[in-house]
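Reading the structure
For reference, the chains in residue letters:
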Protein chains: 8
Amino acid sequence: GFAKVDYHRVRRKGFPEVIFGSGKTADQIVELFKRLMTQHKIILATRVSKDKAAAVRQSLPELSYDHTARILYYADKPLEPRTKGAIGILCAGTADLPVAEEAALTALAMGNRVKRFYDVGVAGIHRLFHHLEQIKQCRVLIVIAGMEGALPSVVGGLVHQPVIAVPTSVGYGAHFNGLAPLLTMLNSCSSGVTVVNIDNGFGAAYSASLINQLGEE
Amino acid sequence: GFAKVDYHRVRRKGFPEVIFGSGKTADQIVELFKRLMTQHKIILATRVSKDKAAAVRQSLPELSYDHTARILYYADKPLEPRTKGAIGILCAGTADLPVAEEAALTALAMGNRVKRFYDVGVAGIHRLFHHLEQIKQCRVLIVIAGMEGALPSVVGGLVHQPVIAVPTSVGYGAHFNGLAPLLTMLNSCSSGVTVVNIDNGFGAAYSASLINQLGEE
Amino acid sequence: GFAKVDYHRVRRKGFPEVIFGSGKTADQIVELFKRLMTQHKIILATRVSKDKAAAVRQSLPELSYDHTARILYYADKPLEPRTKGAIGILCAGTADLPVAEEAALTALAMGNRVKRFYDVGVAGIHRLFHHLEQIKQCRVLIVIAGMEGALPSVVGGLVHQPVIAVPTSVGYGAHFNGLAPLLTMLNSCSSGVTVVNIDNGFGAAYSASLINQLGEE
Amino acid sequence: GFAKVDYHRVRRKGFPEVIFGSGKTADQIVELFKRLMTQHKIILATRVSKDKAAAVRQSLPELSYDHTARILYYADKPLEPRTKGAIGILCAGTADLPVAEEAALTALAMGNRVKRFYDVGVAGIHRLFHHLEQIKQCRVLIVIAGMEGALPSVVGGLVHQPVIAVPTSVGYGAHFNGLAPLLTMLNSCSSGVTVVNIDNGFGAAYSASLINQLGEE
Amino acid sequence: GFAKVDYHRVRRKGFPEVIFGSGKTADQIVELFKRLMTQHKIILATRVSKDKAAAVRQSLPELSYDHTARILYYADKPLEPRTKGAIGILCAGTADLPVAEEAALTALAMGNRVKRFYDVGVAGIHRLFHHLEQIKQCRVLIVIAGMEGALPSVVGGLVHQPVIAVPTSVGYGAHFNGLAPLLTMLNSCSSGVTVVNIDNGFGAAYSASLINQLGEE
Amino acid sequence: GFAKVDYHRVRRKGFPEVIFGSGKTADQIVELFKRLMTQHKIILATRVSKDKAAAVRQSLPELSYDHTARILYYADKPLEPRTKGAIGILCAGTADLPVAEEAALTALAMGNRVKRFYDVGVAGIHRLFHHLEQIKQCRVLIVIAGMEGALPSVVGGLVHQPVIAVPTSVGYGAHFNGLAPLLTMLNSCSSGVTVVNIDNGFGAAYSASLINQLGEE
Amino acid sequence: GFAKVDYHRVRRKGFPEVIFGSGKTADQIVELFKRLMTQHKIILATRVSKDKAAAVRQSLPELSYDHTARILYYADKPLEPRTKGAIGILCAGTADLPVAEEAALTALAMGNRVKRFYDVGVAGIHRLFHHLEQIKQCRVLIVIAGMEGALPSVVGGLVHQPVIAVPTSVGYGAHFNGLAPLLTMLNSCSSGVTVVNIDNGFGAAYSASLINQLGEE
Amino acid sequence: GFAKVDYHRVRRKGFPEVIFGSGKTADQIVELFKRLMTQHKIILATRVSKDKAAAVRQSLPELSYDHTARILYYADKPLEPRTKGAIGILCAGTADLPVAEEAALTALAMGNRVKRFYDVGVAGIHRLFHHLEQIKQCRVLIVIAGMEGALPSVVGGLVHQPVIAVPTSVGYGAHFNGLAPLLTMLNSCSSGVTVVNIDNGFGAAYSASLINQLGEE
Ligand SMILES: Nc1ncnc2c1ncn2[C@@H]1O[C@H](COP(=O)(O)O)[C@@H](O)[C@H]1O
Ligand SMILES: Nc1ncnc2c1ncn2[C@@H]1O[C@H](COP(=O)(O)O)[C@@H](O)[C@H]1O
Ligand SMILES: Nc1ncnc2c1ncn2[C@@H]1O[C@H](COP(=O)(O)O)[C@@H](O)[C@H]1O
Ligand SMILES: Nc1ncnc2c1ncn2[C@@H]1O[C@H](COP(=O)(O)O)[C@@H](O)[C@H]1O
Ligand SMILES: [Mg+2]
Ligand SMILES: [Mg+2]
Ligand SMILES: [Mg+2]
Ligand SMILES: [Mg+2]
Ligand SMILES: [Mg+2]
Ligand SMILES: [Mg+2]
Ligand SMILES: [Mg+2]
Ligand SMILES: [Mg+2]
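This section reports on the structure supplied with the text. (Residues numbered from 1 in each chain as written. Chains lettered and ligands numbered in written order. Predicted model: local features only at pLDDT ≥ 70, side-chain atom pairs only at ≥ 80, totals over all residues. Heavy atoms only, no water.)

**A closer look at the site of ligand 3**
- Around ligand 3 sit 15 residues in total, of which Ser 191 of chain F, Arg 9, Lys 24 and Thr 46 of chain G together with Tyr 172 of chain H are the nearest.
- Contact between ligand 3 and Lys 24 of chain G: an oxygen atom at 2.5 Å from a side-chain N or O atom of the residue.
- Side-chain polar atom of Tyr 172 of chain H to a nitrogen atom of ligand 3: 2.6 Å apart, as the coordinates give it.
- Contact with the protein chains hides 91% of the accessible area of ligand 3, taken as 510 Å² for the molecule alone. (Near = heavy atom within 4 Å. Polar contact = N/O pair within 3.5 Å; in protein donor to acceptor, adjacent residues only side chain to side chain. Areas by Shrake-Rupley, 256 points an atom, 1.4 Å probe, with all protein chains shown as cover.)

Pasting the structure below:
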């Protein structure tokens, strides 16, 4: 075959290999799902466009597709949180929703309770303060922002939870497709902030899930 | 001579030519002061190092030098504000002081009342809120920040004054000597924010002064 | 809802939240207009393509759309300037018109008198000098240029008004979609020039309006 | 004073304000220590050069200085780990030691047990496998690398712990002072990896400490 | 004609001029094949899209087209390896296949035995170790990777063969279309690694073939 | 009108204003031609796509269009060289033809004799030497190259004519749309080489024409 | 020897090889002068620091050194212009003098009449207009500027001479050591402008000399 | 100890671990030599400054130091070539010598015959042709160039040997410390060229040695 599926990953990492849908054909995705479905009960494919998802589901109608998150997935039973602690997902503007939902669905698929705090960017900072107490009750936070990406610094200055910052490609001009908020977040003067790649809601949720599990034990 | 002094500038722009000290020899700065002193009552030279300032003052002991602002200047009488309205100068951290003081002294030399709000960065955002009412009483704001440069966005979301944002070279790594906060400020999601070059306290104060004068009329 | 509308903004900033149309669906824009129309008498959505505007106006036929400025807006009565002082809008070439008109319509919507001086770039600098006296009668200037972006420096050297410089993405090759004129403007050797993001006519007008109001008082 | 000390931080963030030594004078650092010592029992100043540390310690001989970590600190009693779980600190080459020790001392000062695995880079990958079982017994990992920065991806593929990756400025040419490993780490194909700024051992340890505490509860 | 075909190249370089299909019209490619076919028995055109290939084959049905490799070629007889030594081609993920196959077909067309080791990236490094003995039996290795591009460093640390590293444009965000793995590979801490342009499977195979031939003599 | 046509340019610069077609509508181009045709006998519009050209020629059928050069132009009589001296135009590969022809047609329209030497890149350097005597008989040279852009340096080392180097966007990967050959040409170790913007055949020809005229006098 | 002196260059290029002093030891420069002095009557070494020049002149006291231009040179008789036409050298600010004088001395050494117009930048554009008639009497212009580098565009819009633009490293912050004016000049909207490397006064003069000679014939 | 010496490397890679001297203290280098000398007969440390070398040799006087190559090394007997085939080392200018000699000494230490062809850059291309026959007798070529880095493309177009290109940091302005020639070499239109990091003479020689050995068998 064209791929060497990493069946062993679930034992090393605690979660099966996730299919990176971008740059794969529908046929390749079908085959990967089929192989992984022989071994796993929950399988995700990220970055799957609406059309590609439809093509894959022609062969595998048992898969579900989330339009906002652009995730195609197989789950042998409905997704339900198994943790007590929650991952808080904050985003600055409504255009960040696809990234936020990629994070939310990944987190949920990995068994985490999720709380959403969307559209709380610094242009209207009272919206953040309004939800601050709820935010502080989460165990770990994912903070997503495009434009100048200032939100993680502000949040990081106010809470003692680990913050995973996600820059998004939302912006124009000197934004350079997410470079601006990426640099902002890497240079945060608030402590406790780590960063993932531009638009990488999946990766943020994956790390947040590992962290959230630590608090369950 | 090596230079064509722009005596006419005070009539076009309202303030005499300012000497950009960096990359000029002490001798050249002496000569430029001498020529300008034949026509003007207040003359600034910015970006003058301590040693160069001392060398210039050997020939021209009537000049004053501000160590933090790195400005060497001639004034025929003590600098005093002539405006009712004030320029508020905010900076995020104590390492931004040289830029803040370059702005403050320029603003003062141009006749403006100045109010300082230093070390009010977003890592401890309550410090900003604590001074917010005073800040709102200024007519125009200069907001200076290094690291991720989030402060102008936060301030811009809270006030209706024009904000002039100044990124500084304070930071390291993916800061790229001020590129990070420069991009942050250019992409601000708050309205009413314009930007000047990295570390350009002088330019921020110059524009702020023009704006402040409009409110005097 | 997917968004937390910032109704409070008009009190903090003096103008209601403006919808950033890019990256939002027509449905989301419709809903945001509906919510904002419960409270405000003038509402703007910038960066709305012709097609998206048409889709939105199917639900909300009372909205107006400006094709050049790409702004969709609601106004309970015709837009009319309320200020004595004018914002002068200069642009270097005819390809900069969309940015210039985004600025002009924003300025007008915020109540400002607007004067246009288009196609006065430095390749034929006599065109600028021809209008210089009129330009000097404005209270604040927005100077827009693509290609090498030299116009704000030239204007800034000739006038005592605050200049807000807007680089545009008009150019090719080593222009890097606006990076070239952005750097030009940030490094201006003329004093009194501040800069906004590439193609950000809206932001330039917003700041210019704040400044223009100062002169009204 | 020139600074607004954030005494409140310990309550918001669980650890007092840490002094960023770079760009501050010895006098400023002395004053900041004095003020913070009125309230806190452990205080760190990072990025303090050997000479500046000596100057500060003339006024405050009770401070300790770690040459490799370049940290100057006050502690009312010897630093001792209070956690059961350990933070594992891995680095690729011996030139990464200053960053690794900045992380180690910060982690220790925040009460964490620390395990060091140094010089285990991918050029001799058997060195990593040799320590893998011990590495897997840590609760969270900091993985530091200069040059091409491949180590965090390799580690992230082998373990289920959260990995905080730190690019260092060790390298030359197309390394661009740490840009190369920074991009490597942001694009990691292994899941569970988040990233901090180039050479930011402090920030990595701060986040790792927050995460490690979660497992203590 | 529009082109000066380099018939002499086969004598200088050992292989005829290869047509770079990108940016040429189907008509131009037809004419170049016709001219080269007067002199050579094997001719390649790389970077030919499916549609362009079909158009060219209307005039020249004797050409073959490989969809994955995007190579259109003429061969007077079936391609068969003439070397004893093999070129090993490794790639990290399945999305790197087009680059890997461009390399494989080029290598084969130049007479080399080829061994493929695909989808052996560092996220599941056991897949690499599983094939290591076979890999070590090749004479020279081409190692292809997108995302963070760590694979060549890992391979380079384990083998004594010359490694030619090929970064691919597979990735997103701070990947910058292949810049991230390109920098990774240029900064490899493993010795014996040289690098070609992003996605340049052809160039890697060309050099690998020259090297492989040295071992045949 | 939307534009201030610079009728005066022919007197200042010796050639009428040239229309930059990119980013203008067909209607705007029609109007500009109409206005310029009231005063000038030869008028060029560069960067006009095939479709836009067709639309313009519906209103102005007297215009000519060159498909390769993408130039739409008006000439009251057939273009004929008026100079004794020739401009030599060299290009490295066949994909550089559009830029080469943009230069050739501009040069011709400005009255220059033109000699073409196409597809003489350094991969087969004998092709250059083969034409060297003819190249040396030109008065000024335009040397165009994509990929690594080495040709101007090689030519510049062999001739005493002024060389105007034009980098093209032909390439991929670490070419960055022409940045690679642009830097190559700016750093040429051969003397007598100046550079214009990526793909700027027009600008190269304009300067070459000014230089060529000097030799006519 | 360590070098292969290119004695043949004077025949190919019309001027002997010029020594690039930067990165060579004084001993190497001495040897190169000695070898070149066996064949040529005028020899230049550029980028020679004051100290290195002194060291070289210990062995070769017949050499002259220009402190501003940083050129060390041998001339068998005093430098005198041999051309009727002049090269005009303009610079924007006084900090650009070293580059301007590198150009002036190179031009003179190659036999050209030189006219200097220094400190005529766009911040005080009347200074340029004041000298415009004299500038127009030159045959070719070198226009040098740091900061935003707008001067060549303005000059290029006013004259019909070929303009060679030289960006300088004079500036700070978003100037990036000359990148800002380099991009400005490459994107000039004025025709007839070509560009050389940052601070390359030598290269500009070399090309200007070739052009000036054309007018002599 | 601070380091995990990779004694095993000689078996995996055929040559012992090489010490990267930059960023290590003299003490660390002494210790590494001592440990490696227990097992190996030839040991290199690259990037060792003159002063650091002297300090190390105080403890280990049996080491040799090459000033141009900046390599400190231990060899139990004089270095002598063991191969029949030679590595040809070409460089463009005399300022590239340190990189060329780093390559030469590394190659020699690894047992290779070395032939040097220095100062054969494209500004005087006849120097290259003069040595072409000798160059063609080598088995593999290292081609080193700063400035625009065109030499590897020219050489690659003329020979059938594998070419390893090394960009150097020799240049200024838009050279960006070697970025310009690095991009040139990565985009080479000549086949058979691979690239190593800027100034990486060591890495080029290492790969060249692996390749040269293949021809010995
Ligand atoms: N959206 C995503 N962003 C980053 N990495 C991902 C994403 N989705 C999946 N992955 C990772 O990509 C790898 C799959 O690569 P491949 O072999 O090309 O399918 C898996 O190891 C996943 O952990
Ligand atoms: N710190 C500064 N940053 C930017 N521009 C400055 C600064 N100080 C002075 N200037 C401007 O630089 C110009 C002087 O340039 P020069 O002719 O080189 O002395 C003056 O027109 C000032 O307006
Ligand atoms: N300041 C300069 N800038 C650019 N090129 C120069 C300069 N000075 C001399 N050169 C060129 O550099 C080449 C010398 O390189 P090299 O062999 O390293 O001495 C000569 O061919 C000169 O034409
Ligand atoms: N000049 C050099 N450039 C690149 N890599 C080098 C150089 N010298 C030594 N190395 C490699 O750097 C590694 C040593 O890293 P470290 O553990 O930090 O000493 C060794 O594996 C060498 O193969
Ligand atoms: Mg919102
Ligand atoms: Mg502080
Ligand atoms: Mg126009
Ligand atoms: Mg080591
Ligand atoms: Mg895979
Ligand atoms: Mg060709
Ligand atoms: Mg001046
Ligand atoms: Mg030389």
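**Quick word on the pattern of salt bridges**
Residues and elements named next belong to chain A.
- Under the definition given, this model contains 70 salt bridges over all chains.
- Across the pair Glu 133 and Lys 136 runs a salt bridge, and its minimum N-O distance is 4.0 Å. One end of the pair, Glu 133, and the other, Lys 136, are both in helix α6 (residues 132-136), three residues apart, so they sit about a helical turn from each other.
- Here the salt bridges do not stand alone but share partners, grouping Asp 6, Arg 9 and Arg 12 into one network. (Salt bridge = Lys/Arg side-chain N within 4 Å of Asp/Glu carboxyl O. Helix = DSSP H or I, 4+ residues; strand = E, 2+ residues; numbered from the N terminus.)

**Focus on the packing of helix α2 (residues 26-37) of chain A against helix α3 (residues 50-59) of chain A**
Residue and element names in this part refer to chain A.
- Contact geometry for α2 and α3: axes closest at 9 Å, N-to-C directions at 50°. The angle between the axes of α2 and α3 places the two elements in the oblique class. Between α2 and α3 lies a crossing of right-handed hand. Residues Ala 26, Ile 29 and Val 30 of α2 lie in contact with α3, whose contacting residues are Lys 52, Ala 55, Val 56 and Ser 59.
- Residues of the contact of α2 with α3, tallied by class, amount to five nonpolar, one polar and one charged. (Axes fitted to C-alpha atoms, helices over the stretch in contact; angles between N-to-C directions. Parallel < 35°, antiparallel > 145°, perpendicular 65-115°, else oblique. Left-handed = near helix turned anticlockwise from the far one by under 90°. Contact = heavy atoms within 4.5 Å. Nonpolar A, V, L, I, M, F, W, Y, C, P; charged D, E, K, R; others polar.)

**Examining unusual backbone geometry**
- The phi angle at Met 147 of chain C is positive, at roughly 45°, despite the residue not being glycine.
- As for its position among the elements, Met 147 of chain C is in the loop between β7 (140-145) and α7 (151-156).
- Within the chain, Asp 199 of chain G stands out as a residue other than glycine whose phi angle is a positive 65°.
- Within the fold, Asp 199 of chain G resides in the loop between β9 (193-195) and α9 (201-216).
- Residue Asp 199 of chain G is classed as buried on the basis of its relative accessible area of 16%. (Buried < 20%, exposed > 50% of the residue type's maximum accessible area, 1.4 Å probe, protein only.)

**Overview of the interface of chain A and chain D**
- On the chain D side, the residues contacting the 29 residues of chain A number 29 residues.
- Approximately 2,600 Å² of surface area, both sides summed, lies buried where chain A meets chain D, with 57% of it carried by carbon and sulfur atoms.
- Sorting the residues of chain A by area buried against chain D places Lys 13, Leu 186 and Leu 214 of chain A first, and these three jointly supply 23% of that buried surface.
- Our count for the chain A to chain D interface comes out at zero salt bridges.
- Summed over the shared surface of chain A and chain D, the number is 14 residue pairs in polar contact (both at pLDDT 80 or more).
- Considering every element that reaches the side of chain A that touches chain D, the biggest residue donor is helix α9 (residues 201-216) of chain A, with seven residues.
- Class assignment of the residues belonging to the side of chain A that touches chain D gives a composition of 14 nonpolar, 11 polar and four charged. (Buried area = accessible area lost by both parts, 1.4 Å probe.)

**What about the environment of Phe 2 of chain E?**
- Along the chain, Phe 2 of chain E turns up in the segment before α1 (9-13).
- Residue class for Phe 2 of chain E comes out buried when judged on its relative accessible area of 16%.
- Along the chain, Phe 2 of chain E and His 40 of chain E lie 38 residues apart, while their C-alpha atoms are 20 Å from each other.
- Phe 2 of chain E has contacts with Gln 28, Glu 31, Leu 32 and Arg 35 of chain E together with Thr 94, Leu 97, Tyr 118 and Asp 119 of chain F, leaving out every residue within four places of it along the chain.

**Examining the arrangement of the chains**
- Spatially, chain E is disjoint from chain G: no contact exists, and the shortest C-alpha separation is 20 Å.
- There is a gap between chain B and chain H: no contact, and a shortest C-alpha distance of 14 Å.

**Re the interface of chain F and chain G**
- Taken together, the contact pairs 29 residues of chain F with 29 residues of chain G.
- Overall, the association of chain F and chain G removes approximately 2,600 Å² of surface from exposure, summing both partners, and the carbon and sulfur fraction of that is 56%.
- The largest share of the area that chain F buries against chain G comes from Lys 13, Leu 186 and Leu 214 of chain F, three residues that together contribute 23% of it.
- Viewed at the interface, chain G and chain F are joined by zero salt bridges.

**Concerning the pairing of strand β8 (residues 163-167) of chain F**
Residue and element names in this part refer to chain F.
- Taking burial as the measure, the five residues of β8 include five buried ones, the bulk of the element.
- Taking every second residue as pointing to the same face, both faces of β8 are buried, with Val 163, Ala 165 and Pro 167 on one and Ile 164 and Val 166 on the other.
- Sheet topology note: the β8/strand β9 (residues 193-195) ladder contains three bridges and is parallel. In the strand pairing of β9, Val 163 is matched with Val 193.
- Of the crossover connections in this fold, the one passing from β8 over helix α8 (residues 179-186) to the parallel β9 is right-handed. (Pairing = 2+ DSSP bridges. Right-handed = clockwise from strand over helix to strand, strands pointing away.)

**Observations concerning the sheet that holds strand β2 (residues 42-46) of chain A**
- Spatially, β1-β2-β4-β3 (chain A) is the arrangement adopted by the four strands of the open sheet, whose pairing is mixed. With one partner strand each, in any of the chains shown, β1 (19-20) and β3 (64-66) of chain A form the two edges of the open sheet.

**A word on the site of ligand 2**
- Close contacts around ligand 2 come from 14 residues, with Arg 9, Lys 24 and Thr 46 of chain B, Ser 191 of chain C together with Tyr 172 of chain G the closest.
- What surrounds ligand 2 is not a single chain but chains B, C and G.
- In the model, an oxygen atom of ligand 2 is placed 3.0 Å from a nitrogen or oxygen of the Ser 191 of chain C side chain.
- In this structure, a nitrogen atom belonging to ligand 2 sits 2.6 Å away from a side-chain N or O atom of Tyr 172 of chain G.
- A total of 510 Å² of accessible area belongs to ligand 2 in isolation, and the protein chains cover 91% of it.
- Here the residues of the shell around ligand 2 are counted per class, giving five nonpolar, four polar and five charged.

**Structural notes on the relation of the copies chain A and chain D**
- Between chain A and chain D, the superposition needs a rotation of 180° and an axial shift of 0.0 Å, giving an RMSD of 0.0 Å. The transformation just described matches what one would write down for a two-fold rotation axis. (Least-squares fit on C-alpha atoms with pLDDT ≥ 70 in both.)

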